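Each chain, written out:
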Protein chains: 2
Amino acid sequence: MELDNLLHGKSEWLKGTGPKSDIVISSRIRLARNLEGFPFFNWAKPKEKEDTLKLVRDAIEKSKFLKKSLFLNIKDLPEIDRQFLVERHLMSPEHVIDLEYKGLVVEDKEIASIMINEEDHIRIQVLQSGFNVIEAWRMSDAIDTDLSKKIPYAFSTKWGYLTACPTNTGTGLRASVMLHLPALIITNQIGKVFQAISKLGLTMRGFYGEGTEATGNFFQISNQVTLGRSESDLIDKIGSIVDKLVKREESTRNILMAKQKDELADKIWRAYGTLKTARIITSTETIKLLSFIRLGVDLGIVSGIDRTGLNELLILTQPAHLQKLENKLLTPDQRDYKRADLVREKLKGGT
Amino acid sequence: MELDNLLHGKSEWLKGTGPKSDIVISSRIRLARNLEGFPFFNWAKPKEKEDTLKLVRDAIEKSKFLKKSLFLNIKDLPEIDRQFLVERHLMSPEHVIDLEYKGLVVEDKEIASIMINEEDHIRIQVLQSGFNVIEAWRMSDAIDTDLSKKIPYAFSTKWGYLTACPTNTGTGLRASVMLHLPALIITNQIGKVFQAISKLGLTMRGFYGEGTEATGNFFQISNQVTLGRSESDLIDKIGSIVDKLVKREESTRNILMAKQKDELADKIWRAYGTLKTARIITSTETIKLLSFIRLGVDLGIVSGIDRTGLNELLILTQPAHLQKLENKLLTPDQRDYKRADLVREKLKGGT
């Protein structure tokens, strides 16, 4: 597999087909692991970094779950490709701050990816379409179990898996769910939801994870604590909270449709009109307007466009994706043109 | 002729066919006249008001220029029809503040109209499409001369025509030109233009005359002084100033097309997208967006829509017009829906 194949293929999580995929974009499990006998990455000497990169890579290459994977040495990648992989949610923005001794393994359907030598030696990530934390957990657990037989993990019977940052110690598990909550935003309920969620030990973030703002009504919810709980506890907990959020978003959508259908349709159609006609458009505005169209599709107001197409546009209109599609570097101004062209082209069919 | 026929006919000035009609919407001449031997309307007793209404009406009915006219007694009209006539620029908003003893005569092509017992006993108005002050003057002068043979005007050899407000004394003539100046707005030149124009003794107003704000880049320019100058002087003066404004707007459009074509096209297309999709829209937003589309048509960016259609939409989307089209009273909210429906319907053809 080549990295450029990813551009024209469809990631599993973009299909928009999983359970509750009208509201839940994707479900993700991330496991943080470190190798026994080696310092954590940020404290390690170059030779040790080189060794952990090699050891993990070798183990992955032997894993039955990752046979069709692509191994990438981060420092060999052009900047545009690094950004591209971040945009596809295959690795974290932090993984490319420093480039030495860092690797990424991408499974061929882009469901699983493994960062080597991010903050921890191993970060296994599994991303599923829709509300599917359990399936993501099953797959990450299988990969994890398989790898653990090939390389010894740093593990304490008292603390569990040891990690560079104490917040990850214990299960090393972070479950995240990306939600589309336009009705909760429109009706100003999102503030309360935020508060309630943080009291329950969960965090809410924007489209690109830690430190990013919510754009276009997309939110990512994750557990904050990993210590002192079993994996299934953590997964059950986030599952039941997401379930409540989904129900609340659904009932609010129903109320909006009953009481403010025309105002809602107006917002949705105007978003559609703008995307179908704009000649220059930023990434942020695109996400915001796509969010409204997605809502329009969910509510049966807009037809002729499918969720897969909209999910794809969310990703393809990002800076690195646009540049890879054009096969050249573009200034931000040039991207705003190309983005508008792409969106108009892709939305041609809809009515 | 019936008043309701006006709704589905096209006023001459809406045709968008006159000289420079890409920038000049319409040219208007208004003549203020009063009857000799009667107090000005606001000082007159009811019997005198009744007499002037009758005298002027009789004279008009005998005029060869106004044979196919419609006479309307303002107090007999439903409120919606009064507003309708104001929206069509056939009479002033002031003419309907008080309803007693007020008349309106509308010539069948809506080129000429005469208000009886507005501030002055007679206000002759001629409205032509495009930059055509001279033709408007010719026609108003012909009507005026004809009427003056039938009823004696209040005239002083020292002061000229005597009027209720001293600012109209002299020729009693106000020449107004409605301009569409989007390029001067976009490039922030309009402030300077305003200043220059008021130094020259002219005023600039919005779409609905005195006291209204400029909406959607439409401006009305009129002479302020009517005393101590001949009619042809006044007309020459406004003509030469409008000519300069038109040239400046034209050259600024050319500069914009050379330097910022894409940004301009983006604005125009977005306006188009919004009008083609909105489900709820106010009158002000409609005028603003139609202004951009008009510019797009002028510059060849948008095709399949003609200027007549756009001019028509400017008028048909006004509150009273909408209600007459629907043949019932509508709340402002209901109008915002109907307006959006009408605009979408009318813009169907364009691309």
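Our subject in this report is the structure included herewith. (Residues numbered from 1 in each chain as written. Chains lettered and ligands numbered in written order. Predicted model: local features only at pLDDT ≥ 70, side-chain atom pairs only at ≥ 80, totals over all residues. Heavy atoms only, no water.)

**Details of the interface of chain B and chain A**
Taken together, the contact pairs 14 residues of chain B with 14 residues of chain A. Buried area between chain B and chain A, both sides added, is near 1,400 Å², and the carbon and sulfur share of it is 54%. Three residues stand out in chain B for area buried against chain A, namely B:Trp269, B:Arg270 and B:Arg279, and they jointly supply 38% of the buried area on that side. Taken together, the links from chain B to chain A amount to two salt bridges. Of the charged contacts, one joins A:Glu285 and B:Arg270 as a salt bridge, the two residues approaching to 2.8 Å between their closest N and O atoms. Remark: the boundary between chain B and chain A carries 12 residue pairs in polar contact (both at pLDDT 80 or more). Broken down by element, the residue count for the side of chain B that touches chain A peaks at eight residues, all from helix H8 (residues 261-277) of chain B. Of the residues assigned to the side of chain B that touches chain A, the class counts are five nonpolar, three polar and six charged. (Contact = heavy atoms within 4.5 Å. Buried area = accessible area lost by both parts, 1.4 Å probe. Salt bridge = Lys/Arg side-chain N within 4 Å of Asp/Glu carboxyl O. Polar contact = N/O pair within 3.5 Å; in protein donor to acceptor, adjacent residues only side chain to side chain. Helix = DSSP H or I, 4+ residues; strand = E, 2+ residues; numbered from the N terminus. Nonpolar A, V, L, I, M, F, W, Y, C, P; charged D, E, K, R; others polar.)

**Structural notes on the pattern of salt bridges**
All names here are of chain A. In this structure the tally under the stated criterion is 48 salt bridges over all chains. In this structure, the salt-bridge partner of Lys247 is Asp243, at a minimum N-O distance of 2.8 Å. You can see Lys247 and its partner Asp243 sitting in helix H7 (residues 231-259), four residues apart, about one turn around the helix. One continuous salt-bridge network, built from bridges that share partners, spans Glu118, Glu119, Asp120 and Arg123.

**Looking at the packing of helix H4 (residues 133-150) of chain B against helix H7 (residues 231-259) of chain B**
All names here are of chain B. Running from N to C, H4 and H7 cross one another at 155°; their axes reach a closest spacing of 10 Å. With respect to each other, H4 and H7 are oriented roughly antiparallel. Helix-helix and strand crossings are classified by hand; for H4 and H7 the assignment is right-handed. Taking contact as the criterion, the partners of Val133, Ile134 and Trp137 in H4 are, on H7, Glu231, Ile235 and Ile238. Here the contact of H4 with H7 is composed, by residue class, of five nonpolar, no polar and one charged. (Axes fitted to C-alpha atoms, helices over the stretch in contact; angles between N-to-C directions. Parallel < 35°, antiparallel > 145°, perpendicular 65-115°, else oblique. Left-handed = near helix turned anticlockwise from the far one by under 90°.)

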